[in-house]
Structure formats: C-alpha cells, structure tokens
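One letter stands for each residue in the lines below.
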Amino acid sequence: MIYVMECGPVHHRGRESWLVFALDLNDDQAKVRAAPRRKDARREVVKALAGAPASCCASLADFGRQHGWRVASVPERVLKLAAQTVVGLENEDTLGMVAYSPIADAWLRSCALFYETAPWTAFSIRQPLTVTFTKEAPDTRVLAIGGAGGLPPTLIMLPDSAAYSRFSKSGEPHFEDAFIMGFDDGGSTMGHAVGLAYGAAFHPVVLRLRQSKPALIAPDELLHLACALAATASLATGRPVGRAVIDGLEAIVLPLTPDALLRS
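Residues numbered from 1 in each chain as written. Predicted model: local features only at pLDDT ≥ 70, side-chain atom pairs only at ≥ 80, totals over all residues. Heavy atoms only, no water.

Caption draft 1: How the structure looks around unusual backbone geometry. Cis geometry is adopted by the peptide bond preceding Pro9, which originates at Gly8 and carries an omega value of -5 degrees. Mapping Pro9 onto the fold places it in strand β1 (residues 2-12). A positive phi angle, close to 60 degrees, is found at Asp28, a residue other than glycine. With respect to the helices, strands and loops of the structure, Asp28 is situated in the loop between β2 (15-24) and β3 (29-35). Since its relative accessible area comes to 45%, Asp28 is described here as partly exposed. The phi dihedral of Ala50 is positive, around 50 degrees, even though this residue is not glycine. (Helix = DSSP H or I, 4+ residues; strand = E, 2+ residues; numbered from the N terminus. Buried < 20%, exposed > 50% of the residue type's maximum accessible area, 1.4 Å probe, protein only.)

Caption draft 2: Representation of the side chain of Ser110 within the structure. Among the structural elements, Ser110 can be located in helix α5 (residues 102-117). Of the residues examined, Ser110 reaches a relative accessible area of 5% and is grouped as buried. Excluding anything up to four places from it in sequence, Ser110 contacts Ala226, Leu229, Ala230 and Ile246. (Contact = heavy atoms within 4.5 Å.)

Caption draft 3: Local environment of the side chain of Gln84. Mapping Gln84 onto the fold places it in helix α3 (residues 76-90). Looking at Gln84, the relative accessible area reads 12%, which means it is buried. A polar side-chain atom of Gln84 sits 3.3 Å from the main-chain carbonyl oxygen of Ser101. (Polar contact = N/O pair within 3.5 Å; in protein donor to acceptor, adjacent residues only side chain to side chain.)

Caption draft 4: Here's a closer look at the sheet that holds strand β11 (residues 213-214). In spatial order, the strands read β11-β10-β9-β8-β7-β6-β13-β12; together these eight strands make up an open sheet with antiparallel pairing. Bordering the open sheet on either side are β11 and β12 (242-246), each of which pairs with just one other strand. In terms of strand pairing, strand β6 (residues 129-134) meets strand β7 (residues 139-146) through five bridges, oriented antiparallel. Bridge assignment links Phe133 to a residue of β7, and that residue is Asp139. Of the strands in this sheet, β6, β7, β8 (154-158), β9 (177-184), β10 (203-210), β12 and β13 (249-255) touch helix α8 (residues 219-236), which is tilted by about 45 degrees from β13. (Pairing = 2+ DSSP bridges. Axes fitted to C-alpha atoms, helices over the stretch in contact; angles between N-to-C directions.)

Caption draft 5: Here's a closer look at the pattern of salt bridges. With the rule as written, the count across this model stands at 15 salt bridges. In this structure, the salt-bridge partner of Arg65 is Asp62, at a minimum N-O distance of 3.1 Å. Separated by three residues within a single helix, Arg65 and Asp62 lie in helix α2 (residues 61-65), roughly one turn from each other. A relative accessible area of 56% means that Arg65 is categorised as exposed. (Salt bridge = Lys/Arg side-chain N within 4 Å of Asp/Glu carboxyl O.)

Caption draft 6: Inspection of the packing of α5 against α8 at higher detail. Running from N to C, α5 and α8 point in directions that differ by 25 degrees, and their axes come no closer than 8 Å. Viewed along their axes, α5 and α8 adopt a mutual orientation that is roughly parallel. Considering only the axes of α5 and α8, their crossing is left-handed. Contact residues: α5 offers Ile103, Ala104, Ala106, Trp107, Ser110, Cys111, Leu113, Phe114 and Thr117, while α8 offers Pro219, Leu222, Leu223, Leu225, Ala226, Leu229, Ala230, Thr232, Ala233 and Ala236. The residue inventory of the contact of α5 with α8, partitioned by class, reads 16 nonpolar, three polar and no charged. (Parallel < 35°, antiparallel > 145°, perpendicular 65-115°, else oblique. Left-handed = near helix turned anticlockwise from the far one by under 90°. Nonpolar A, V, L, I, M, F, W, Y, C, P; charged D, E, K, R; others polar.)

Written out as structure tokens, the structure is:
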C-alpha cells in the first residue's frame with residue numbers, strides 16, 4: 001500500500017516550499033517532492049508513482065480522486081516521515097542526513113517528553129544540572145535550562161562546569177562548545193507536523209557549536225542529546241535522580257552542587 005500526504009508551507013534555505021510524501025508501507029520506500037507551489041509538488045509525486053494505486057490524506061481528496069486515490073486515515077509511519085522531513089529541512093545545517101535516521105525519531109520523542117514535562121518551570125538557567133552518560137567510559141557534562149520569564153524553552157549542554165561558569169558570569173550567550181536545543185511556539189507547519197506524530201506541538205530548533213561555529217551534529221551526539229532531554233524530563237517530575245536509557249546509552253541527571261561549581 002502506498003500512502004500520500006502533503007505538508008506546507010515549510011521554510012527551507014530562506015524560501016517557502018510545499019512537500020508531498022509518498023510512502024510504500026510494504027517496504028518503507030519513500031518519495032518526497034518539494035516545490036515552491038503546492039500544485040507542482042503534487043504533480044511531481046504523481047509522476048513518481050507512475051499510476052500505482054494509493055491512499056491519501058483528506059486535503060488531497062479532490063486532487064487524488066483524479067488519479068484513483070482514496071482518502072484514508074494517515075498511518076503513524078507517514079506522520080513520522082512528515083515530521084522528521086520538515087524538522088530536517090528547517091534544521092538542515094545542524095542535522096544533515098541524521099534527521100532521517102532512527103536516532104532522530106528517538107530525539108524527537110525525547111523532545112516531546114521534555115516539552116510536555118516543562119523542566120523550565122522547576123529549574124532556572126542559574127540552577128545548573130549535571131548529566132552523566134554511562135555506556136563505555138562515564139562522561140559528565142553540564143546542563144542549563146532556560147524558559148523562565150516568558151523566554152522560549154531551551155536546554156543547553158556544555159562540556160563541563162568551567163564552561164557553565166564562564167557563561168553564567170558573563171551573561172553572554174557565547175559558547176565555544178555546546179548543544180543548544182530550543183523550543184519555539186508550535187503554531188507553525190513544523191509544530192503541527194510534530195504534534196501529529198509525537199503528541200506535542202512544538203517547533204524544535206537545534207544548534208551544535210564547535211569552536212564557536214555552527215557544525216553538523218554526529219549521530220552519537222544526537223543520541224546523547226536525546227538521552228539528556230529525557231533524563232532532564234525525568235528529574236523534573238520530582239524524582240531525586242533523572243534517568244533515561246536510549247539505545248543502550250544511559251543518562252543520569254542531578255543538580256550541580258554549589259561546591260562542585262566552585263571547584264571548577
């Protein structure tokens with residue numbers, strides 16, 4: 001069975017585009033077409049399907065009827081394809097092809113958990129947390145949670161407490177090495193697509209900085225970020241220790257004690 005869904009407009013490289021997805025549910029082969037005009041994206045998918053029978057979403061009812069498509073409810077796999085594609089396009093400089101991997105699905109699920117739990121209501125940017133990853137050798141980093149005072153919710157992951165101290169003392173958002181995860185309002189096309197697939201409507205924006213410059217995020221780095229988000233959400237529920245395990249990687253999140261921060 002082939003299912004066709006459209007989504008748009010989305011922002012990609014400074015311009016608006018419409019996306020139309022065709023997913024073969026038998027082998028998970030996907031055809032994705034993007035065009036500035038909605039009708040052009042639709043026509044490109046019709047060409048790609050070459051007359052193969054398909055089902056479609058409700059917004060394609062009139063168009064699809066001309067090609068023998070029938071309206072059906074959107075399968076979960078198609079919703080996730082749409083969400084990951086839109087998120088990937090708008091975060092292309094950071095995610096690259098990782099946006100379309102199983103790790104991106106785990107990351108978006110963790111983002112939804114973080115967004116719904118709202119850790120920024122329990123912790124402020126001045127209350128750092130530590131996250132320790134245990135898979136091979138333990139690796140501890142520092143987290144800062146923003147979102148109080150009407151600012152957009154944010155999770156910042158820094159390499160150590162010294163990096164956090166430099167940030168907190170200067171008050172300037174300048175980082176040499178950091179992961180910055182932001183959550184904008186969910187009223188956009190991206191927010192709608194993410195909401196349908198993951199149950200919480202938000203607009204995720206992710207940035208990876210190396211030597212103070214934007215860089216691509218590696219698959220294992222996105223896995224670490226997903227674990228940190230989920231473990232922080234766990235801590236925000238009132239547990240004494242936040243914990244999450246994703247694909248064999250465990251993250252433990254605790255408040256960073258004042259003594260440990262001073263020693264840095």
